[in-house]
Amino acid sequence: FPVTISLAVDSIIHADARQAGATTGRLSYREPNLQNIPAEDESKFPLRKAFKPREGYSFVSIDFKQIEYRLMLAYAFHTGLIKEVMGGKDVHQAMADMVRVTRKQAKTLNFAILYGAGADKIARMLGISVREAAALKEKYFRALIEVEHLIAKVRGVAATRGYIYNFYGRRLTLSDAQYAYIMPNHLIQGTAADVCKKAMVACDEVLTGTESHMLVNIHDELVFEIKHGEEYLIPLLKEAMSNTFPGKNGMFMDCDVAVSNTSLAEGDMTPWKQAG
């Protein structure tokens, strides 16, 4: 597909990173858009395999675990679920158990609720009738009334005032009150964006004086090129990222780490476990 790519004399792709490329505050890229590298699909060209570490380096991917859903619970101050998640339980499974639905249904509902989807959209996502979707959404909010209150409050403030502030003080504006349904998503996504940007600064400090590099931010994931012999940096980077968010209502962040000497393809990335 046609795309403009900037190559330096070292023949490495240098994308244009835009600090204000998204209304929520997310970092974005263009020429090429490295935020939207297609997910791996063996029936198509595995594009992530085209990204390879330089000789003497390994790729290290550090990804915030379900950051947006953790933030949703933190803002909603759902003490029960926060306690379960901080105890090691998967966010979607914890919600599934509380709502008494399958994990797949819970994950779909979490995504849909976060993005302001109505019953018709949820019905299409789950392959059920609109009536069933409406009942499922009502069941979700009965079990997670704190989340319902959060969404109603954010929409109301945004519609009345025309803007909201996130945890870090970022102002998120609303041009038309009829679109207030998008503001809960902007609140959560904007906070996640700020967490990631702060994590980038913290990780840059960890890398100071080393031969390892931070390469790219892909939404909630940071990809590094770690020089062989500097693997001691991996736990330091993981800790720096996890500690970026100071915690809210008892909710903190955690990260998954994967490494590869081959490529960024999912099949080439191996989960990293800290020694000891």
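Quantities reported herein were computed from a predicted structural model and do not represent experimental measurements. (Residues numbered from 1 in each chain as written. Predicted model: local features only at pLDDT ≥ 70, side-chain atom pairs only at ≥ 80, totals over all residues. Heavy atoms only, no water.)

(A) Fine view of the overall build of the protein. Each helix and strand in the protein was counted, giving nine helices and nine strands. Expected size for 276 residues packed as a compact globule is a radius of gyration near 19 Å; at 20 Å, the protein falls within 12% of this value. Taken over the C-alpha atoms alone, the protein extends approximately 55 × 45 × 40 Å along its principal axes. Looking at the protein residue by residue over its 276 residues, the buried ones come to 43%. By sequence separation, contacts in the protein at least 24 residues apart represent 58% of the contacts at least 6 residues apart. For the protein, the computed accessible surface area is about 14,500 Å², with 52% contributed by carbon and sulfur atoms. Across the protein, 33 positive and 32 negative side-chain charges occur, with their mean positions spaced 8 Å apart. (Helix = DSSP H or I, 4+ residues; strand = E, 2+ residues; numbered from the N terminus. Rg over C-alpha atoms; globule rule 2.2 N^0.38 Å. Buried < 20%, exposed > 50% of the residue type's maximum accessible area, 1.4 Å probe, protein only. Contact = heavy atoms within 4.5 Å. Areas by Shrake-Rupley, 256 points an atom, 1.4 Å probe, with all protein chains shown as cover. Lys, Arg positive; Asp, Glu negative; His and termini not counted. Charge placed at Lys NZ, Arg CZ, Asp CG, Glu CD.)

(B) Representation of the sheet that holds strand 3 (residues 57-64). Taken in spatial order, the five strands line up as 6-7-3-8-9 in an open sheet, and their pairing is antiparallel. Across the chains shown, the open sheet's two edge strands, defined by having one partner strand only, are strand 6 (213-218) and strand 9 (270-271). Strand direction decides the pairing type here: strand 8 (residues 255-260) and strand 9, joined by two bridges, are antiparallel. Across the sheet, Ala-258 pairs through a bridge with Pro-271, a residue of strand 9. With respect to the sheet, helix 8 (residues 183-207) is in contact with strand 3, strand 6 and strand 7 (221-227), its orientation differing from that of strand 6 by roughly 170°. (Pairing = 2+ DSSP bridges. Axes fitted to C-alpha atoms, helices over the stretch in contact; angles between N-to-C directions.)

(C) Structural context of unusual backbone geometry. Between Glu-31 and the following residue, Pro-32, the backbone shows a cis peptide bond with an omega angle of 0°. A positive phi is found at Arg-100, a non-glycine position, where the angle reads about 65°. By the secondary structure assignment, Arg-100 is in the loop between helix 3 (91-99) and helix 4 (103-114). Phi angles above zero are rare outside glycine, and Asn-249 is one such case at about 55°. With respect to the helices, strands and loops of the structure, Asn-249 is situated in the loop between helix 9 (233-242) and strand 8.

(D) Up close: the layout of surface pockets. Considered as a void within the structure, the largest pocket measures approximately 1,000 Å³ in volume. Taken together, 30 residues line the largest pocket, and the ones lying closest to its centre are Arg-48, Asp-63, Phe-64, Ile-218 and Glu-221. Going through the elements one at a time, strand 3, helix 1 (67-76), helix 4 and strand 8 are the ones with two or more residues in the lining of the largest pocket. A class-by-class count of the residues in the lining of the largest pocket yields 12 nonpolar, six polar and 12 charged. (1 Å grid on protein atoms, 1.4 Å probe; cavity = no way out; pocket = protein on both sides within 12 Å on 5 of 7 lines; lining within 4 Å. Points joined across faces, edges and corners; volume = space filled by probe spheres on them. Nonpolar A, V, L, I, M, F, W, Y, C, P; charged D, E, K, R; others polar.)

(E) Examining the side chain of Asn-185 more closely. By the secondary structure assignment, Asn-185 is in helix 8. According to the relative accessible area criterion, Asn-185 is buried, its value standing at 7%.

(F) Local environment of the environment of Gly-250. Examined against the element boundaries, Gly-250 turns out to sit in the loop between helix 9 and strand 8. Once you skip the residues sitting within four places of it in the chain, Gly-250 turns out to touch Ile-82 and Met-86.

(G) Seen up close, the pairing of strand 7. Across the seven residues that make up strand 7, a large majority, six, are buried. Pairing of strand 3 with strand 7 involves seven bridges; the strand directions are antiparallel. Its bridge partner lying in strand 7, Val-60 is registered against Phe-224. Across five bridges, the pairing between strand 6 and strand 7 is antiparallel. Across the sheet, the residue bridging to His-213 is Glu-225, located in strand 7. Taking the residues that link successive antiparallel strands as the turn, the strand 6-strand 7 hairpin has two residues, and the phi of His-219 there is positive, at about 60°.

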